[in-house]
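Analysis of the macromolecular model
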Amino acid sequence: GQLLGQMLGAIGLGEDDAYLSNVCFWRPPNDRKPDADELAMCHPFLMRQIALAKPTIILLAGSLAMQQLTGVGSIMKNRGQWQSVTIGGTDIPALPIYHPAFLLRQPALKADAWQDLLTLRASLSPAP
């Protein structure tokens, strides 16, 4: 979470500019990935949470978030490429990025992450 805050701060976004959520609302035992049943259990609550927050853009941090909300599987192939998430009949642009924990293990990919953040920043800037 701390790295994500720093990443958003680097493009001028603060706590009040973003609403953060997870696709699974608890940490599975032994810090394993959530299984399909756990994700399915959380999915309706996640969709409702997003609907209530009414975001203009969704930032998908990591492959699990990307797959849960878009059905697209490979973060390595799809990071930085806009996707669309439909919630309550509304299409919301979504930008997949590497998960901050992944970047801590793969620091060589931080340049890609920076490009993705610049893409996000540009999409938030008012049109000239």
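Further up the page is the structure itself.
First, a word on what this report is: a plain description of the structure on this page. Here the structure is a predicted model, which means the values were calculated and not measured. (Residues numbered from 1 in each chain as written. Predicted model: local features only at pLDDT ≥ 70, side-chain atom pairs only at ≥ 80, totals over all residues. Heavy atoms only, no water.)

Re the overall build of the chain
What counts here: Helix and strand definitions here come from DSSP, where helices need a minimum of 4 consecutive H or I residues and strands a minimum of 2 consecutive E residues; each element is numbered from the N-terminal end. We compute the radius of gyration from the C-alpha atoms alone; for a globule the expected value is 2.2 Å times N to the 0.38, where N is the number of residues.
Each helix and strand counted, the chain has six helices and three strands in total. For the chain, the succession of helices and strands along the chain, N to C, is α-α-β-α-α-β-β-α-α. Radius of gyration (C-alpha) of the chain: 14 Å, near the 14 Å computed for a compact globule of 128 residues. Taken along its principal axes, the extent of the C-alpha atoms in the chain is 45 × 35 × 30 Å.

Considering the nonpolar core
Test applied: Here the nonpolar core consists of buried residues drawn from Ala, Val, Leu, Ile, Met, Phe, Trp, Tyr and Cys, with membership extended through side-chain atoms lying within 4.5 Å. Each residue's exposure class comes from its accessible area (1.4 Å probe, protein chains only) as a fraction of the maximum for that residue type: buried when under 20%, exposed when over 50%, partly exposed otherwise. We call two residues contacting when some pair of their heavy atoms lies within 4.5 Å.
Ile50, Ile58 and Leu69 are the most contacted members of the largest nonpolar core, which totals 32 residues. At the level of secondary structure, the elements contributing two or more residues to this core comprise α1 (2–10), α2 (36–53), β1 (58–61), α3 (63–70), β2 (83–87), β3 (90–97) and α6 (110–124). No other element matches α2, which puts five residues into this core. Excluding residues that lie within four positions of it along the chain, Ile50 makes contacts with Pro55, Ile58, Leu69, Ile87 and Ile92.

Remarks on unusual backbone geometry
Its identity is not glycine, yet Asp31 carries a phi of approximately 55°, on the positive side. Relative to the assigned elements, Asp31 resides in the loop between α1 and α2. Within the chain, Lys54 stands out as a residue other than glycine whose phi angle is a positive 50°. By the element assignment, Lys54 lies in the loop between α2 and β1.

Concerning the packing of aromatic side chains
Just so we agree on the cut-off: The aromatic pairing rule takes the rings of Phe, Tyr and Trp, using the six-membered ring of Trp, and pairs them if the centres are within 6.5 Å, calling planes under 30 degrees apart stacked, those over 60 edge-to-face and the rest tilted.
All told, the structure shown has one aromatic pair when counted by the stated rule. Judged by centre distance (5.4 Å) and plane angle (45°), the ring pair of Tyr98 and Phe102 falls under tilted. Here Phe102 falls in the partly exposed class, since its relative accessible area comes to 21%.

Notes on the environment of Leu120
With respect to the helices, strands and loops of the structure, Leu120 is situated in helix α6. For the pair Leu120 and Pro96, spaced 24 residues apart in sequence, the C-alpha to C-alpha distance is 10.0 Å. The contacts of Leu120, once residues within four sequence positions are left out, are Leu8, Ile11, Leu13, Ile57, Leu59 and Leu95.

Some points on the environment of Glu38
Following the sequence through the fold, Glu38 ends up in helix α2. Take Glu38: its relative accessible area is 11%, and that puts it in the buried class. As for Glu38 and Trp82, which are separated by 44 residues in sequence, their C-alpha atoms are 27 Å apart. Apart from residues no more than four positions distant in its own chain, Glu38 is found in contact with Cys24, Trp26, Pro28, Arg32 and Lys33.

Side note on α2
Applied cut-off: Take the number of residues in a helix, subtract one, and multiply by 1.5 Å to get its expected span. Here the bend at a residue means the angle between the axes of two seven-residue stretches, the one that ends at it and the one that starts at it. Pairing of N or O atoms within 3.5 Å defines a polar contact, subject to two protein rules: one partner must be a possible hydrogen donor and the other a possible acceptor, and residues neighboring in sequence count only if both atoms are side-chain atoms.
The end-to-end C-alpha separation of α2 is 25 Å, in line with the 26 Å expected for 18 residues at 1.5 Å each. Maximum bend of α2: about 35°, positioned at His43, with proline Pro44 one to four residues after it. By the burial criterion, the buried members of α2 are Glu38, Leu39, Cys42, Leu46, Met47 and Ile50. Buried positions along α2 lie against β1, α3, β2 and β3. The N-cap residue of α2 is Asp35: its side-chain oxygen and the backbone nitrogen of Asp37 are 3.1 Å apart. Within two residues after α2, Lys54 carries a phi angle of roughly 50°, on the positive side.

That is the geometry; function is a separate question.
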